[in-house]
Amino acid sequence: MGYLNNTAVTVDAILTKKGRELLARGDGSFSITQFALSDDEIDYTLYNPTHPSGSAFYGEALENMPLLEAFPDETQIMKYKLVTLPRGTARMPVLDIGYSAIRIKQGASLAITPQTLNYLSQTSVNESSGYTFTISDVRLFNTFNGIGITTPEAQAANQTQTIGTNVSKTVIGTTLNLTATTVNTLFGGNTNLTATLQVVGRDSGARISIPVTVRKTT
Amino acid sequence: MSFKALDPEDFLVSADSVTATAWSTNSPTLTEFYTASATSTNDSYYKNVYQTGSALSNAAVQFAIAYGNSTGLGSALFNDLVAGKSPTRTVYGQYRNLVYGDENASFIFGGVTASDFWALNIERARYKESLLKGTFNLTLTNGSETVKLTDNSGLVSTDTFLDCGRVYQIISGSNGTSYDGGTGYTTASGSYGLFLPDVGTILLNPEALSASISLYPSRSSDSAGENIQSMFNAVVNGASFQLNSQETVTSDYVYIRTRNAEFNYSENPSFISGSTGDVLYTQFINSPQTYLTTVGMYNDNNELLAVAKLSKPLTKDFTKEALIRVKLDF
């Protein structure tokens, strides 16, 4: 008879860029209230349900793989979240925002209303808790607002002002309204500015990430 | 759902004391001491002491030596027409303000009032938050005479406080206790000084040092910096200065608890096949298996504030629960 290992797994955390920004702001917005788990770096095609040694070895290629250290850029980590769904789920929720990439002219506006497929036994649904929209560089847009969700946290996120730095911005809503920047100096000698827009379903956890390009016109 | 709310009992705040050597050599004892060869306008007030030649790239200030005198003796006057106002008088007033917070107070070392002192001011980056009592061991040598000094923290049951925080007498001994089992100093000349851990300062009593190792400060009014040099020489010849720092590190522990029915499916693109969202393997429909690699902590706005990575993937399925303790240092 041996002893069972009953110790908790202990890991050290780092603050993200957003975490440091909110900590520096000192307005109480740095308050951890919830968590999520992700399986970034895992390639499930390595899972082998036909392993000749049996089911205990299906995950052999994944279980002892070394992992990279955490990135402080909040848009580059926690990409693929683990979700809680009823046992027997055959299709995972996926997001459809109507674009595979966004190219927008300087000063132009666009509204994005995501739909979640394969969720709540429906083919397509607009999630009741809305979506979180995260742009990796908030300077690219004069307007970056979520509408349609009126909960206090959604309103607080939508009213957050971030000025002058290349940090990300997260808003909440059922629809995202954005207007590309009119500031020429941001472009420097370039004709395009690029960023990444990440959309996550707040109920389903479904996620999509697409490139965003703002084209200089003046 | 991909987010799970944390309960109040999932948080634990822990403040732990971390001690370390005070010196940038990472050795508890500093045995070599150097000053900068270049002159400075501050030389009449203090001199910085390095662990190696000051011109070397790894040179770092370890501590500074100053000398203070209540009547301005021991250095040239600022102006010959104004008696008593010199750098040593400025230093005296500076430390009196720091230690006593009273412009009428006098320095008292072990019951003896002193008109002057040497100050060893530890560089802030070295002592971090405070000096660790009981670790101060300084050897001073003047000619053939040597004295080994420590604080008396091991002899007192109750800490004494001045305006600068905790204060301990400096005595002849080691590691916080005296060699003779007594007070570690004579009542005639008083203690060897004051050990002030909360402000990273050590004051040495010239009366006690002159009685012990014949280290007399110059009390003429025209010398410039000789007293600082004489203390530096005594430290160099003693070749042993041991000191540790103390710092309180506050850590937040967050306990991440996942139940058996939670987090068994993944939004990982390799978990599904194609754009329809079908799970990759039919086995995953009723017996999904996920591999947890990252814990993200969010605020109410779903903004990712902190993130922790596991050293290897943690398997999760409908038969497993997980408890992960995440440590956040500030």
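These lines cover the structure that appears in this document, whether it is placed above or below.

Thoughts on the side chain of Arg126(B)
All names here are of chain B.
No. 1: Tracing the chain through its elements places Arg 126 in helix H2 (residues 124–127).
No. 2: Although Arg 126 is buried, it forms no salt bridge, and the closest oppositely charged side chain is Glu 123 at an N-O distance of 5.2 Å.
No. 3: Among the polar contacts listed, one links the side chain of Arg 126 to the backbone oxygen of Val 61, at a separation of 2.7 Å.
No. 4: Setting aside chain neighbours within four positions, we find Arg 126 in contact with Thr 21, Ala 22, Trp 23, Ser 24, Ala 60, Val 61, Gln 62 and Ser 245.

Some remarks on unusual backbone geometry
Residues and elements named next belong to chain B.
No. 1: With phi around 60°, Lys 128 is a residue other than glycine that occupies positive phi space.
No. 2: If you trace the backbone, Lys 128 turns up in the loop between H2 and strand S10 (130–131).
No. 3: Of note in the backbone geometry, Asn 175 takes a positive phi value of approximately 50° without being a glycine.
No. 4: As for its position among the elements, Asn 175 is in the loop between strand S14 (165–174) and strand S15 (177–178).
No. 5: For Asn 175, a relative accessible area of 49% puts it in the partly exposed group.

Brief notes about helix H3 (residues 152–159) of chain A
Three- or four-residue spacings in an α-helix give side chains the same orientation, since the helix completes a turn every 3.6 residues.
Residues and elements named next belong to chain A.
No. 1: Among all positions of H3, only Ala 154, Ala 157 and Asn 158 are buried. Buried residues of H3, viewed axially, fall in a sector of 95°; they line one side. Of the exposed residues in H3, the ones pointing more than 90 degrees away from its buried face are Pro 152 and Gln 159.
No. 2: Contacts made by the buried residues of H3 are with strand S10 (141–147) and strand S11 (169–173).

What to know about the environment of Asp73(A)
No. 1: Assignment of secondary structure puts Asp73(A) in the loop between helix H2 (60–63) and strand S3 (82–83).
No. 2: Residues Asp73(A) and Val167(A), spaced 94 residues apart in sequence, show a C-alpha to C-alpha distance of 9.1 Å.

Considering the interface of chain B and chain A
No. 1: Of the residues lining the interface, 68 residues belong to chain B; the matching set on chain A comes to 74 residues.
No. 2: For the chain B and chain A pair, buried surface summed over both sides reaches about 6900 Å², with 58% attributable to carbon and sulfur atoms.
No. 3: Counting across the chain B and chain A interface gives three salt bridges.
No. 4: The tally of links between chain B and chain A comes to 43 residue pairs in polar contact (both at pLDDT 80 or more).
No. 5: Elements that contribute at least two residues to the side of chain B that touches chain A include exactly strand S1 (3–5), strand S19 (244–258), strand S20 (265–266), strand S22 (278–279), helix H5 (283–286), strand S23 (290–298), strand S24 (304–316) and strand S25 (322–329) of chain B.
No. 6: In terms of residue count, the dominant contributor to the side of chain B that touches chain A is S24(B) (eleven residues).

Quick word on empty space enclosed by the protein
Empty space among the atoms becomes apparent when a probe as large as a water molecule is rolled across them.
Residue and element names in this part refer to chain A.
No. 1: With the rule as written, the count across this model stands at two cavities of 30 Å³ or more.
No. 2: Approximately 170 Å³ is the volume attributed to the largest cavity.
No. 3: Elements represented by at least two residues in the lining of the largest cavity include exactly strand S9 (131–135) and strand S13 (192–201).
No. 4: Partitioned by chemical class, the residues of the lining of the largest cavity number six nonpolar, six polar and four charged.

Here's the deal with the sheet that holds S10(A)
Residues and elements named next belong to chain A.
No. 1: Spatially, three strands are ordered S6-S12-S10 in an open sheet, and the strand pairing comes out antiparallel. The open sheet has two edge strands, strand S6 (109–112) and S10, and neither has a second partner. Taken over all neighbouring pairs, the strand axes of this sheet differ in orientation by 10° on average, direction set aside.

Here's the deal with the sheet that holds S9(A)
All names here are of chain A.
No. 1: As summarised here, the arrangement of the five strands in space is S5-S14-S13-S9-S11, forming an open sheet in which the pairing is mixed. Two strands lie at the open edges of the sheet, namely strand S5 (102–105) and S11, each paired on one side alone. On average, each strand axis in the sheet is tilted by 25° relative to the strand beside it, whichever way the strands run.
No. 2: Two elements, S13 and strand S14 (residues 207–215), share nine bridges in a ladder whose sense is antiparallel. In the sheet register, Leu 197 faces S14, and the bridge partner there is Ile 210.

As for helix H3 (residues 206–213) of chain B
Residues and elements named next belong to chain B.
No. 1: Those residues of H3 that sit buried are Pro 206, Ala 208, Leu 209, Ser 210 and Ile 213.
No. 2: If you check the start of H3, you find a side-chain oxygen 3.1 Å away from the backbone N of Glu 207, and it comes from Asn 205.
No. 3: A positive backbone phi angle near 60° is found at Ser 214, which sits one or two residues after H3.

Section: the nonpolar core
No. 1: Of all hydrophobic cores here, the largest spans 44 residues; its most connected members are Leu37(A), Met92(A), Ile256(B), Val295(B), Ile324(B) and Val326(B).
No. 2: Sorting the residues of this core by element identifies strand S1 (9–15), strand S2 (34–38) and S3 of chain A together with S19, S23, S24 and S25 of chain B as the ones contributing at least two each.
No. 3: Here Val295(B) is in contact with Ala36(A), Leu37(A), Met78(A), Ile256(B), Ala306(B), Val307(B), Ala308(B), Leu310(B), Ile324(B) and Val326(B), once residues within four sequence places are set aside.
No. 4: Grouped together as the second largest cluster of nonpolar side chains are 35 residues, Phe195(B), Ala208(B), Val235(B) and Leu243(B) included.

Some points on the packing of aromatic side chains
Residue and element names in this part refer to chain B.
No. 1: Inspection of every chain in the model, using the stated rule, returns 28 aromatic pairs over all chains.
No. 2: An angle of 15° between the planes, with centres 5.3 Å apart, marks the rings of Phe 136 and Phe 195 as stacked. Taken together, the residues span a long stretch of sequence, with Phe 136 in the loop between S10 and strand S11 (137–142) and Phe 195 in strand S16 (residues 193–196) at a distance of 59 residues.
No. 3: Overall, Phe 136 belongs to the buried group, its relative accessible area being 0%.

Structural notes on the environment of Glu127(A)
All names here are of chain A.
No. 1: Looking at where Glu 127 falls in the secondary structure, it is placed in the loop between strand S8 (122–125) and S9.
No. 2: The class for Glu 127 is buried, based on a relative accessible area of 2%.
No. 3: For the pair formed by Glu 127 and Gly 201, sequence separation is 74 residues and the distance between their alpha carbons is 6.9 Å.
No. 4: Not counting the four nearest positions on each side in its chain, Glu 127 is found in contact with Leu 95, Thr 116, Tyr 119, Thr 174, Gly 201, Arg 202, Asp 203 and Ser 204.
No. 5: At 2.8 Å, the side chain of Glu 127 forms a polar contact with the backbone nitrogen of Asp 203.

Comments concerning the pattern of salt bridges
Residue and element names in this part refer to chain B.
No. 1: Taken as a whole, this structure holds 14 salt bridges over all chains when the rule is applied.
No. 2: Across the salt bridge formed by Glu 262 and Lys 4, the nearest N and O atoms sit 2.9 Å from each other. Linking Glu 262 in the loop between S19 and S20 with Lys 4 in strand S1, this pair joins segments that are 258 residues apart in sequence.
No. 3: Using a relative accessible area of 22% as the deciding quantity, one classes Lys 4 as partly exposed.
No. 4: Put simply, Arg 259 and Glu 321 hold a salt bridge, and the shortest N to O gap is 3.3 Å.

About the criteria used
Residues numbered from 1 in each chain as written. Chains lettered and ligands numbered in written order. Predicted model: local features only at pLDDT ≥ 70, side-chain atom pairs only at ≥ 80, totals over all residues. Heavy atoms only, no water. Helix = DSSP H or I, 4+ residues; strand = E, 2+ residues; numbered from the N terminus. Buried < 20%, exposed > 50% of the residue type's maximum accessible area, 1.4 Å probe, protein only. Lys, Arg positive; Asp, Glu negative; His and termini not counted. Salt bridge = Lys/Arg side-chain N within 4 Å of Asp/Glu carboxyl O. Polar contact = N/O pair within 3.5 Å; in protein donor to acceptor, adjacent residues only side chain to side chain. Contact = heavy atoms within 4.5 Å. Arc of directions from axis to C-beta. Buried area = accessible area lost by both parts, 1.4 Å probe. 1 Å grid on protein atoms, 1.4 Å probe; cavity = no way out; pocket = protein on both sides within 12 Å on 5 of 7 lines; lining within 4 Å. Points joined across faces, edges and corners; volume = space filled by probe spheres on them. Nonpolar A, V, L, I, M, F, W, Y, C, P; charged D, E, K, R; others polar. Pairing = 2+ DSSP bridges. Axes fitted to C-alpha atoms, helices over the stretch in contact; angles between N-to-C directions. Core = buried A, V, L, I, M, F, W, Y, C linked by side-chain atoms within 4.5 Å. Phe/Tyr/Trp six-rings, centres within 6.5 Å; stacked < 30°, edge-to-face > 60°.

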